[in-house]
Amino acid sequence: MRHPDFLWRNPSPKSAYDVVIVGGGGHGLATAYYLARNHGITNVAILEKGWLAGGNMARNTTIIRSNYLWDESAAIYEHSLKLWEGLSAELDYDLMFSQRGVLNLAHNLPDVREGRRRASANQQNGIDAEWLDADEVKKFCPILNTSPHVRYPVLGATLQRRAGIAKHDHVAWGYARAADALGVDLIQGCEVTGFEIDGGRVTAVRTSQGRIAAGTVALAAAGHTSVLADKAGIRLPLQSHPLQALVSELLDPVLDCVVMSGAVHVYVSQAHKGELVMGAGIDAYNSYGQRGSFNVIERQMGAALELFPIFSRVRVVRTWAGIVDVAPDASPIIGPTPVEGLYINAGWGTGGFKATPGSGWVYADTIANQRAHPLAEPFSLDRFTTGALIDEHGAAAVAH
Amino acid sequence: MTPEPHDVAVVGAGPAGLGAAAEAAGAGLDVVLIDAGQRPGGQYWRHAEGGRGQHWKAYEGLSRRLGQVRRIPGTQVWLITRDQEGFTLRLTGHDPVTARAVILCPGGYDRQLPIPGWDLPGVMAAGGVQALLKEHGTAPGRRAVVAGTGPFLLPVAVALARAGVAVAAVAEANPVTGWLRDPFGALAAPSKSVEAVRYAAAMTARRVLYRTRTVITEIVGDGRAEAVRLRRADGTQEEIAADLVALGWGFTPSLELPIMLGAETRLDEDGSLVAVVDGSQRSTADGVYIAGEATGVGGAALALAEGRLAALTLAGSGKTARLRRAVRRGRRFAAAMRRACPVPAEWTAWLTESTVVCRCEEVPYGELRRACHDLGADDARAVKMLARPGMGWCQGRMCGFATAAIAARLNGRVATADDLRAFAARVPAFPVALEDLAEN
């Protein structure tokens, strides 16, 4: 029986590829797509140990924004946001990208100063950003409790109106279908168990489905990157932590923007179908378990309910965790490694989903041209020896 | 200061849980018994306030032995975590409880098969009908058809008839002689067979039409159930008017807590996922004992014996040989019963494109078919991602078995344990209000 409308084929791996991408999440899929579309490199395989987009791609809270502080971060995230704005049309797949605006709340005077500074820096980088005072916040999001008599009073917020959410599954399937149509082999259930390195150059990967020779190997494995890199003899400055999220029962439309709070460590949006999607903070300890500690959620939901007392009786139907990899400066690492032909794209921490198109774009360019894309240059691995860190701890709504 | 952990927390106060709590308390253990119901007894001994249920002496006997047991009724355990001390159980509307060991007796749900019209008002799970009758004395209709498979159809039909409902027909999908197909198994629990004969006699006395090898393929009606379509093994069909349809396709164990604690599961004879236990009710997770329907659906007597055995094993009692034999015998009979009452293999053929499979997310069969045929889903997990069955309020409790079966059938095979596991793991175990979840 033939099914012409399959999203993608399910091929067995060939014995060799020009490029092998390790990890079939959003970044791996986007990288493969742009390798084929922008650079004409189609002899490419994505090796995924589980199923496509079953890791952090299926576990994130789908927030998309570009209001990062430093020029380097702003440039790459804004590149990503601009790609998001045309992506549904390009992939011919409704990604349900909804630019509904993202609020980042300020709860104390340092938050206020930081928010104003950030909005100003964003504006100078050509990124839309506004500062709202408490009254304006209340107008923009009426169900927020802006009373001064709470543990985390709302003193104001930054607002990026072009920011929003998208449907994560559709993003993965859109990229997967497009990459597949361009000839990329998407191989599921294929775990990379080691690398063959000859004279300082990677020549092949060993996998649960056998040896696969590769001209270039590109890691895109998020929280499992440091474990993989270790197999190639590379020690990375990455820490992997569980990051938790939860989803509620379906509600009528009640929240038409995204609300984030760094102090409370919580971010909330209402997905298209009506469920609340709430993200919590990362667990302090390192772990590869896709389930975090419950005390983290308990503490953060306690604070979140002060902001949204209207949600106190909303019922949570599911919680889960993804494994996020965090670098010391909370910025990603993109580019070559000490092993020739082996590239890395990791360290996106809690913010990888929003970067999916931009990350895929610059990573593909880096792989195709065997040098860092200009937007990726500042995010090289050697910044941890030169000291040119890009500290974005404040940009994430999650303490690292 | 954190209070000292209990020796054991028993979750569920049905026959298995009551047996476990009574026996553990009798062995001198410090026991906490937690149950979703306001009154202990579970589904089997469900009763009205101040009323009496079936086999009441046994229930009273157990109740008398709960004197030293700390009882927490009317709450659900939505999370159990493990640490060096043992287990912490988080409860709805109640402070957490700690214990060094747990005996999980969570029971099961009515297994649901989506058939055309099953979402019409007037169509209920057989267990739901039974619960209304037992606890509230309410008959939710005037003229009923009881359909599905398994011995549970009989007490429901008899209870409806006793409540004054005209039972137009009982449609049993399998041949009744099949119950005795495995003579060694069936003989292992002769009292069960006697019970069945007694129900059959009660139905005969009330002239209830009892059809075997007869399946219910559709429920029809304009805005509510008005009639059912039955098909007999020889292909003949008939339509019978009814305003109440009680559907029973056996039971599916409630495995949220066992899976949460890492207990292994397996596929049972009736196609359900069940928890793996040894001959002494130990699960594969350290300190976690499981008893009752969660280890394989086998009825109240077996559940009670399993609960008692779990407690005695935990207490380190040397006097369990007899009980272990009884459990072994009961399990043999239950296995024979499960083999004799399979869900009809062809049931997915009755579905139409618009038959709703997942009621929470309103996913019709056509969406599942498209996920498999058009988008390439080849297992239940992929179907869940592509079409969203099991992603709503009930998290697949109602539609998980059906979706797994449909996904497998659309790919030309039968459902595996992995298909079922895609719907069985749930954290939290039950929907929990944010205010319950939030730290105060």
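Residues numbered from 1 in each chain as written. Chains lettered and ligands numbered in written order. Predicted model: local features only at pLDDT ≥ 70, side-chain atom pairs only at ≥ 80, totals over all residues. Heavy atoms only, no water.

Right, let's get into the overall build of chain B. Each helix and strand counted, chain B has 14 helices and 22 strands in total. Compactness check: chain B gives a C-alpha radius of gyration of 21 Å against a globular reference of 22 Å for 440 residues, within 12% of the reference. If one aligns the C-alpha atoms of chain B with their principal axes, the spans along those axes are about 65 × 55 × 40 Å. When the 440 residues of chain B are sorted by exposure, 57% land in the buried category. Taking all contacts inside chain B whose residues are at least 6 apart in sequence as the whole, residues at least 24 apart take part in 65%. Only carbon and sulfur atoms are counted for the fraction: they give 50% of the accessible area of chain B, which is about 17900 Å². A gap of 9 Å separates the mean positions of the 51 positive and 45 negative side-chain charges of chain B. (Helix = DSSP H or I, 4+ residues; strand = E, 2+ residues; numbered from the N terminus. Rg over C-alpha atoms; globule rule 2.2 N^0.38 Å. Buried < 20%, exposed > 50% of the residue type's maximum accessible area, 1.4 Å probe, protein only. Contact = heavy atoms within 4.5 Å. Areas by Shrake-Rupley, 256 points an atom, 1.4 Å probe, with all protein chains shown as cover. Lys, Arg positive; Asp, Glu negative; His and termini not counted. Charge placed at Lys NZ, Arg CZ, Asp CG, Glu CD.)

This part covers helix H11 (residues 380-387) of chain B. All names here are of chain B. The buried count for H11 comes to six of eight residues, which makes it a mostly enclosed element. For H11, the set of buried residues is Ala380, Ala382, Val383, Lys384, Met385 and Ala387. Looking one or two places after H11, you find Arg388, whose phi comes out positive at around 70 degrees.

All names here are of chain A. Interhelical geometry of helix H1 (residues 26-39) versus helix H8 (residues 356-369) gives an angle of 55 degrees and a closest axis separation of 7 Å. On the basis of their axis angle, the class for H1 and H8 is oblique. Both H1 and H8 take part in a crossing whose hand is right-handed. Counting all contacts with H1, which are made through Gly26, His27, Ala30, Thr31, Tyr34, Leu35, Arg37, Asn38 and His39, the residues of H8 involved are Thr356, Pro357, Ser359, Gly360, Trp361, Tyr363, Ala364, Asp365, Ile367, Ala368 and Asn369. Partitioning the contact of H1 with H8 into residue classes produces nine nonpolar, nine polar and two charged. (Axes fitted to C-alpha atoms, helices over the stretch in contact; angles between N-to-C directions. Parallel < 35°, antiparallel > 145°, perpendicular 65-115°, else oblique. Left-handed = near helix turned anticlockwise from the far one by under 90°. Nonpolar A, V, L, I, M, F, W, Y, C, P; charged D, E, K, R; others polar.)

A few words now on the interface of chain B and chain A. Interface size is commonly expressed as the accessible area that is lost once the parts come together. Contacts between the two partners involve 32 residues from chain B and, on the opposite side, 32 residues from chain A. Roughly 3000 Å² of surface becomes buried between chain B and chain A when both sides are summed, with 60% attributable to carbon and sulfur atoms. For the chain B face of the interface with chain A, the top three residues by lost area are Met385, Leu434 and Leu437 of chain B, together amounting to 21%. Here chain B and chain A share three salt bridges between them. Only strand S4 (77-83), helix H10 (365-373), H11, strand S22 (432-433) and helix H14 (434-437) of chain B provide two or more residues apiece to the side of chain B that touches chain A. Among the elements that line the side of chain B that touches chain A, the one with the most residues is S4 of chain B, at four residues. Class assignment of the residues belonging to the side of chain B that touches chain A gives a composition of 20 nonpolar, five polar and seven charged. The pairing of strand S16 (residues 315-326) of chain A with S22 of chain B spans two bridges and is classified as antiparallel. (Buried area = accessible area lost by both parts, 1.4 Å probe. Salt bridge = Lys/Arg side-chain N within 4 Å of Asp/Glu carboxyl O. Pairing = 2+ DSSP bridges.)

Moving on to the side chain of Thr356 of chain A. Structurally, Thr356 of chain A can be placed in helix H8. Those residues in contact with Thr356 of chain A that lie beyond four places of it in its chain are Gly26, His27, Ala30, Ser80, Trp84 and Tyr175 of chain A.

Within soluble globular proteins, side chains that are nonpolar generally end up buried alongside one another. Formed by 116 residues in total, the largest nonpolar core has its most connected members in Leu103, Met301 and Phe308 of chain A together with Leu89, Ile216, Ile219 and Leu247 of chain B. Apart from the residues within four sequence positions on either side, Leu103 of chain A is in contact with Leu132, Val137, Phe140, Cys141, Leu144, Ala157, Thr158, Leu159, Cys257, Val258, Val259 and Met260 of chain A. Core analysis: the next-biggest nonpolar cluster, separate from the first, contains 54 residues, Leu81, Tyr93, Leu186 and Val362 of chain A among them. (Core = buried A, V, L, I, M, F, W, Y, C linked by side-chain atoms within 4.5 Å.)

Turning next to H1 of chain A. All names here are of chain A. The terminal C-alpha atoms of H1 lie 19 Å apart, and with 14 residues this matches the ideal 20 Å at 1.5 Å per residue to within 8%. Along H1, eleven of the 14 residues are buried, which leaves the element largely enclosed by surrounding structure. Those residues of H1 lying buried are Gly26, His27, Gly28, Leu29, Ala30, Thr31, Ala32, Tyr33, Tyr34, Leu35 and Ala36. Just downstream of H1 lies Gly40, where phi reads positive at about 70 degrees. (Expected span 1.5 Å × (residues − 1).)

With that settled, consider the domain arrangement of chain B. Residues and elements named next belong to chain B. Domain assignment breaks chain B into domain 1 (6-109 + 252-318), domain 2 (112-249) and domain 3 (351-424). Just the C-alpha atoms count here: the centres of domain 2 and domain 3 sit 26 Å apart. In this complex, domain 2 contributes seven residues to the contact, which on the side of domain 3 involves nine residues. Surface buried jointly by domain 2 and domain 3 totals about 730 Å² across both partners, of which 67% is contributed by carbon and sulfur atoms. Among the residues of domain 2 in contact with domain 3, Gln112, Pro114 and Trp118 are the three that bury the most area, contributing 62% of the side total. Between the two partners, domain 2 and domain 3, sit zero salt bridges. (Domains from an automatic or database assignment.)

Here we take up the sheet that holds strand S9 (residues 143-148) of chain B. Taken in spatial order, the five strands line up as S8-S15-S9-S10-S11 (chain B) in an open sheet, and their pairing is parallel. The sheet terminates laterally at strand S8 (123-125) and strand S11 (210-211) of chain B, the two strands that pair on one side only.

Turning our eyes to something else, we now look at the packing of H11 of chain B against helix H13 (residues 417-424) of chain B. Residues and elements named next belong to chain B. Here H11 crosses H13 at 40 degrees, and the two axes come no closer than 8 Å. In terms of orientation, H11 and H13 fall into the oblique class. When H11 is examined against H13, the residues Ala380, Arg381 and Lys384 are found in contact with a partner set consisting of Asp419, Ala422 and Phe423. Residues of the contact of H11 with H13, tallied by class, amount to three nonpolar, no polar and three charged.

To continue, consider the pattern of salt bridges. Taken as a whole and assessed by the stated rule, the structure comprises 46 salt bridges over all chains. Salt-bridge contacts for Arg90 of chain B lead to Glu298 of chain A; the nearest nitrogen and oxygen are separated by 2.6 Å. Highlighted residues: Arg90 of chain B in strand S5 (residues 86-91) and Glu298 of chain A in helix H7 (residues 294-307), drawn from two different chains. The pair formed by Arg90 of chain B and Glu298 of chain A is uniform in burial state, with each residue classed as buried. In this structure, the salt-bridge partner of Arg413 of chain B is Asp419 of chain B, at a minimum N-O distance of 2.8 Å. Assessed through its relative accessible area of 29%, Arg413 of chain B is described here as partly exposed. For Asp419 of chain B, a relative accessible area of 3% gives the class buried. Residues joined by salt bridges that share partners form a network here, namely Glu78, Lys82, Glu85, Asp128 and Arg162 of chain A.

Attention shifts here to the pairing of strand S10 (residues 166-172) of chain B. Residue and element names in this part refer to chain B. For S10, the buried fraction is high: six of the seven residues fall into the buried class. With six bridges joining them, S9 and S10 adopt parallel strand pairing. Directly across from Ala147, in S10, lies its bridge partner Ala171. Regarding the hand of the β-α-β motif, the stretch spanning S9, helix H4 (residues 153-162) and S10 is right-handed. Direction of pairing for S10 relative to S11: parallel, over a ladder of two bridges. The residue of S11 that forms the bridge with Val170 is Tyr210. (Right-handed = clockwise from strand over helix to strand, strands pointing away.)

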